[in-house]
Amino acid sequence: MGDKEAAGPSSSLRRRATFAAGTGLQPLDERSASAFRSSGFGVFSTDNGPEQTRKTERSQDSEQSGSKSEKRKRRVDATPSETLSCHKTQESLLSSASGYKNYRGILNWCVVMLVLSNARLFLENLLRYGVLVDPIQVISLFLNDPYSWPAACLVIVSNVFILVALYTERQLSKSSFSERVGLLILSINMAVMLTFPAVVVLLVPSMTPVGGAFALGTYTILFLKLYSYKDVNLWCRELSTIKAKKLARSLSCPSPQHFNGKVCYPGNLTIRDMYYFVFAPTLCYELNFPRSPNIRMSFLLRRLFEMLFFTQLLVGLTQQWMIPIIQSSMKPLEDMDVSRMTERLLRLAVPNHLLWLMFFYWFFHSSMNFTAELLRFGDRQFYKDWWNSETVTYFWQNWNIPVHKWCLRHFYKPLLRRGFSKIVSQSAVFFLSAFFHEYLVSVPLRMFRYWAFLGMMAQIPLAWFVGRFLRGNYGNAAVWMSIIIGQPFAVLMYVHDYYVLHYRHEAD
């Protein structure tokens, strides 16, 4: 036994010499081996200190956490080649196979570059044109005559159509009107809603293009709301006749007015309920909207500040940045100089797109959240992640949720139920959207050029092409390109035609 213990150190030294010869390293003396043992490399441990090794391991386990202990244990059990290795099979971070997705620094870099490049353009604009911002000029966009407010009068008159729809629904609930007579009255009411303001805008000289667009936009929203109001009340009557216990979107109950705190048909046919729906940030009617518990004043004030700030910013950037570029684009458009027209189009794309993004945030986030908070309207999903769209269809489904819900509920699904195919139904939705785009642009400008209509209908082949041939980031880039280039192109076309129609003879 003593011989074995005595032979222990010499045999250990022989093993270290053999290992050093095999790995190309110099043999270690006892002091070096002790240093390696204390550093945690268990492959250099000797056979004559098992008790000391166990004590060391116990002290390390008590000082380190579980995860570190596991790592040390793996290191102790590792082979010499694994311990001394510094390479492993792995992909570069910018390779798609690496799975790396944290590009926050690159995104920040893009933002910094965007700010710097636009700051240069803004400084160049100031040096060339001076300060063009004029708040008084904005008032003239709405009023030609300070004593004549035709757009405001049109908005006030819209209450007549609201009350006619409510009165008709009440008579239908009491069976005073037949369904056929009620449908006829409601159809005439909504048809007049679209034609009456258009006629006023076209015939009243004091109506400005901006005032006309505001009035027609109000009437278009009311048209969509009253159409949904008509459909939902019709569904309630149909389900009431068969004594259904549950509606698709709200409760149907034995009480004619309320049940478990819920309003039931025909208890919803009140002026208060109607005007709540008129002002609510939605186009789809329900008998019982989701409600938030209270009004958050801090949230409300933040949205109000954003509304005021972005309104001033939109007006200022339009006067200072957009209008000079548009004015300088008239000559190339008249001469049909393709190269200079392309240059003006690209110059207009950046400010136009920036203003469009600001308008999106101002309207869909600030304004609609302000209205929803004020009315305690619970459904705040006014948009989804349209910026990640990889197809054109996904963009149109997610950038304007209120319109998408209306089209899906009151137009697309009814067409499918009547036997139309999906392609025909989708084309019909784009056709309806194209009609309203042209209605809201051509009528206020008092000219019909169909650029907005054609632009919307062009989304159908574009959606097919992007969905068929482009995927992932390429599809997303194609969607962004259609937004950035398509809008300023339409703006230039309408501005050019408006200039030729109204100001070219004066200039000549």
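Computed from a predicted model, the values in this text were never measured in an experiment.

**Student:** Can you lay out the overall build of the chain for me, pointing to particular residues and giving the numbers?
**Tutor:** If you tally the helices and strands in the chain, you get 21 helices and two strands. Expressed as a percentage of the 508 residues in the chain, the buried residues total 34%. Excluding contacts between residues fewer than 6 apart, the proportion of contacts in the chain whose partners are at least 24 apart in sequence is 70%. Entry remark: accessible area of the chain is about 31100 Å², with carbon and sulfur atoms responsible for 65%.

**Student:** Would you mind going over the confidence of the model for the chain in detail, with residue names and values included?
**Tutor:** Detailed conclusions should not be drawn from predicted coordinates in areas where pLDDT is low. Per-residue confidence for the chain gives a mean pLDDT of 80, with 77% of residues at or over 70. Per-element confidence in the chain is highest for helix H11 (residues 271-279), whose mean pLDDT is 95, and lowest for helix H1 (residues 2-23), whose mean pLDDT is 47. In the model, residues 1-9 has pLDDT below 50 throughout and makes one contact with residues more than four positions away in sequence or in other chains. Taken together, the stretch residues 244-255 has pLDDT below 50 and engages in 20 contacts with residues farther than four places along the chain or on a different chain.

**Student:** Explain the packing of helix H9 (residues 179-203) against helix H17 (residues 422-445) to me, using residue names and the numbers behind them.
**Tutor:** The interhelical angle for the contact between H9 and H17, taken along N-to-C directions, is 25°, at an axis separation of 9 Å. Accordingly, the angle class assigned to the pair H9 and H17 is roughly parallel. The segment H9 lies against H17, with Met-193, Leu-194, Pro-197, Ala-198, Val-201 and Leu-202 engaging Phe-436, Tyr-439, Val-443 and Pro-444. Looking at the contact of H9 with H17 residue by residue, the classes come out as 10 nonpolar, no polar and no charged.

**Student:** So what's going on with the UniProt feature "active site" (unreviewed entry) in the chain? Residues and values would help.
**Tutor:** Under the UniProt annotation, "active site" (unreviewed entry) lies at His-437. Ignoring any residue separated from it by four or fewer positions in sequence, one finds His-437 in contact with Ala-452 and Met-456. From its side chain, His-437 meets the backbone oxygen of Ser-433 in a polar contact 2.7 Å long.

**Student:** Could you give an account of the packing of aromatic side chains, naming the residues involved and the relevant values?
**Tutor:** Counted under the stated rule, the structure contains 42 aromatic pairs. For the pair Phe-360 and Trp-386, a centre-to-centre distance of 5.2 Å together with 80° between the ring planes defines the contact as edge-to-face. In this pair, Phe-360 sits in helix H14 (residues 338-375) while Trp-386 sits in the loop between H14 and helix H15 (392-398), placing the two residues 26 residues apart along the sequence. As far as burial versus exposure is concerned, Phe-360 and Trp-386 are alike and both buried. Across from the ring centre of Tyr-227, 4.6 Å away, lies the NZ or CZ of Lys-230, which sits over that ring.

Procedures and definitions
- Residues numbered from 1 in each chain as written.
- Predicted model: local features only at pLDDT ≥ 70, side-chain atom pairs only at ≥ 80, totals over all residues.
- Heavy atoms only, no water.
- Helix = DSSP H or I, 4+ residues; strand = E, 2+ residues; numbered from the N terminus.
- Buried < 20%, exposed > 50% of the residue type's maximum accessible area, 1.4 Å probe, protein only.
- Contact = heavy atoms within 4.5 Å.
- Areas by Shrake-Rupley, 256 points an atom, 1.4 Å probe, with all protein chains shown as cover.
- pLDDT = per-residue confidence, 0-100.
- Axes fitted to C-alpha atoms, helices over the stretch in contact; angles between N-to-C directions.
- Parallel < 35°, antiparallel > 145°, perpendicular 65-115°, else oblique.
- Nonpolar A, V, L, I, M, F, W, Y, C, P; charged D, E, K, R; others polar.
- UniProt positions renumbered as here; feature names shortened; annotations may be inferred.
- Polar contact = N/O pair within 3.5 Å; in protein donor to acceptor, adjacent residues only side chain to side chain.
- Phe/Tyr/Trp six-rings, centres within 6.5 Å; stacked < 30°, edge-to-face > 60°.
- Lys NZ or Arg CZ within 6 Å of the ring centre and 35° of its normal.

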